[in-house]
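# Geometric and topological summary
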Number of protein chains: 2
Amino acid sequence: MSTQKLDSQIRRRQIVKAAIELLGTCDVGELSLAMIARRVGLVPSAIYRHFEGREAVLDAVLDSIGDRLRENLRLVEQEPEALPRLKSLLMMHVRFVRENQAIPRTIFSDEIVSRNPGRRRKVYQIIQSYLQGVAAIIQDGQAAEKIRADVDSTTIAMQFLGIVQSGAILRHLSDGEFDIARYARRAWEHFRNSTAAESP
Amino acid sequence: MSTQKLDSQIRRRQIVKAAIELLGTCDVGELSLAMIARRVGLVPSAIYRHFEGREAVLDAVLDSIGDRLRENLRLVEQEPEALPRLKSLLMMHVRFVRENQAIPRTIFSDEIVSRNPGRRRKVYQIIQSYLQGVAAIIQDGQAAEKIRADVDSTTIAMQFLGIVQSGAILRHLSDGEFDIARYARRAWEHFRNSTAAESP
DNA sequence: CGCCTATGTGAATCTAGAATCACATCGAGG
DNA sequence: CCTCGATGTGATTCTAGATTCACATAGGCG
C-alpha cells in the first residue's frame, strides 16, 4: 500500500485523536492498537514507529485530557464573579462530557488508574489540579462574601465536581436516556442556593 | 490432588466471595478464573462445574453487591427521623466502601458496565433502586418539614450519593491517602446545613 | 458394599492482541 | 539525481487466559 508518510509529530496527534474518538464507543480494555491503526489508516505495527507501545499511547491520551480540562478552567477566567464563573464552568464541563463521552469513563477506568501506579498519580494530579482550580474560584467568592464562608472550599469544590461526575455515570448507565443537562441545571440551582452567602 | 468435593451451591458462594475479595486488590480486567480458582483451592477448569464461564461469575458478583446495598438500606429503617437516618446510611456506606474497596470501583468499571448491555441495565437498576431508597427517606423528611421542600428529592439524593462516590474515587486515586471518613463528615455537615428545613 | 453422578483434574485447544523483525519505499537534503 | 534515514508493511512470534475435553474419584444412595 502507498500510505502517505507523515511526520511523527503529526502521526502522534492523529493516533491520540483516534484513540479518544474510539473511546467514545468502546472501553479502554477493548481499545486495541489494531482499531486505532485502522482509524488512522495505518497498519498496527506502524504505531510502534511513533509510540513505545500501547501503554505509551494511553499515557498520551491522558495528557491530552488533562490539557483539555486545564483549558476549560482557563476559559472561564474572563467571568469576574465567582458564582457565574462556576456556572459557566459547570455548563462547559457538561457540554464537554456530552460531546466526549470518553473522558469521564476513561479517566477513572480501572485499566488507566489501577494497573499502573505512575499513571494513577498522573490522574490524581489532573483531578487535584482541577479541584484546586474550582476551590480557588470558591475562595474568591468567599472573600467577596458571595459564597458562604463557613464551609471548607475544597468540600464545596468536591460537591461541585460530583454534579458532573454522578451525572456522567447515570447517563452512561442509562444509555443516554438520563438527561444530564437537565439534571445539571437543577443541581446547579440547589448548589447555588445552598452555597451562596446569605443576603443580609 | 484430593480436593474435597463440595455442593455446587457452596462452591458458587465461595467463588463469588473469592472474586469480590480479589477485586479489592486488582481490577476487573485483571481478575482471571485462575486467580479465583487458586483462592478457592480449585483448578481453573473446575469453575466451569459451577458457572457457565467468566461472564456468569461476574454477573453473580454483581448480584451479590446489589444484595448488600439493599441490605444497607434496610438496616437504617429502624431510625425514624429522616436526617439521622441519612447520616446513618452515609456512615454505613462509607464503612462499606472502606472495607470493600472492590465495590464502587467494580460496579462502575467499564468491563462490567460497557461491554454487556444486559449487565449495564442490571447495574442501572441497582443504582436506581438505591437512589430511590434515598429519595424516599428525603421525601419523608420533606413531609415532616425537616428537609427543605423546594428541591426535588431525587436531586438531593444524587448529591447525597455523590459524597461517597467522589470520595471513593479520590481515595483510590490517592492510594488511600485521602481520608474518606473525614471528608464524609465534613460533606455531611454541609449537606445537612444546606438541606435541612429552615427552623422557623 | 458397589454404583453412578456430581465434582475435580490436567492436558490440549483456541483466540486476541501485543510486540518484534526483515524488508520496502517515501521524500527531504545534499 | 541520489542517498539515507524515517515511515510503513506483512509475516511472525509470544503470551495470557478462556474454554473444552477425556479421564479420575469422592461420596451419597440404593
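As shown above, the structure is provided for reference.
Residues numbered from 1 in each chain as written. Chains lettered and ligands numbered in written order. Predicted model: local features only at pLDDT ≥ 70, side-chain atom pairs only at ≥ 80, totals over all residues. Heavy atoms only, no water.

## Overview of the protein's contact with DNA strand D
Going by this rule: The cutoff for a nearby residue is simple: one of its non-hydrogen atoms must lie within 4 Å of the molecule or strand. Any N or O atom pair separated by 3.5 Å or less is treated as a polar contact, with the protein-specific requirement of one donor-capable and one acceptor-capable atom, and with residues adjacent in sequence counted only for side-chain atom pairs. Numbering of helices and strands starts at the N terminus; helices are DSSP runs of H or I of at least 4 residues and strands are runs of E of at least 2.
Around DNA strand D sit 24 residues in total, of which Thr3(A), Arg11(A), Arg49(A), His50(A) and Lys5(B) are the nearest. In this structure, a phosphate oxygen belonging to DNA strand D sits 3.4 Å away from a main-chain N or O atom of Gln4(A). The contact in question runs from a base oxygen of DNA strand D to an N or O atom on the side chain of Lys5(A), over 2.7 Å. Counting residues per element, the ones that place at least two in the surface near DNA strand D are α1 (8–23) of chain A together with α2 (33–40) of chain B.

## Some thoughts on the relation of the copies chain B and chain A
Convention followed: A residue counts toward the fit only if its pLDDT is at least 70 in both copies, and the copies are then superposed by least squares on the C-alpha atoms of those residues. Should any heavy atoms of two residues lie within 4.5 Å, those residues are considered in contact.
Least-squares fitting of chain B to chain A yields an RMSD of 0.0 Å, with the transformation described by 0.0 Å of translation along the axis and a rotation of 180°. The transformation just described matches what one would write down for a two-fold rotation axis. Taken together, the interface assignments show that 100% of the residues at the interface of chain B recur at the interface of chain A, consistent with an identical surface on both copies.

## Some thoughts on the environment of Ser153(A)
All names here are of chain A. So the rule is basically this: Only protein chains enter the accessibility calculation, which uses a 1.4 Å probe; a residue is then buried when its area is under 20% of its type maximum, exposed when over 50%, and partly exposed in between.
One can find serine 153 in helix α8 (residues 153–173). Residue serine 153 is classed as buried on the basis of its relative accessible area of 6%. Beyond its immediate stretch of four places on either side in the chain, serine 153 contacts Ala135, Ile138, Gln139 and Gln142. Of note is the side chain of serine 153, whose polar atom sits 2.8 Å from the side chain of glutamine 139.

## So, the environment of Gly176(B)
Along the polypeptide, Gly176(B) turns up in the loop between α8 (153–173) and α9 (180–195). For the pair formed by Gly176(B) and Phe160(B), sequence separation is 16 residues and the distance between their alpha carbons is 22 Å.

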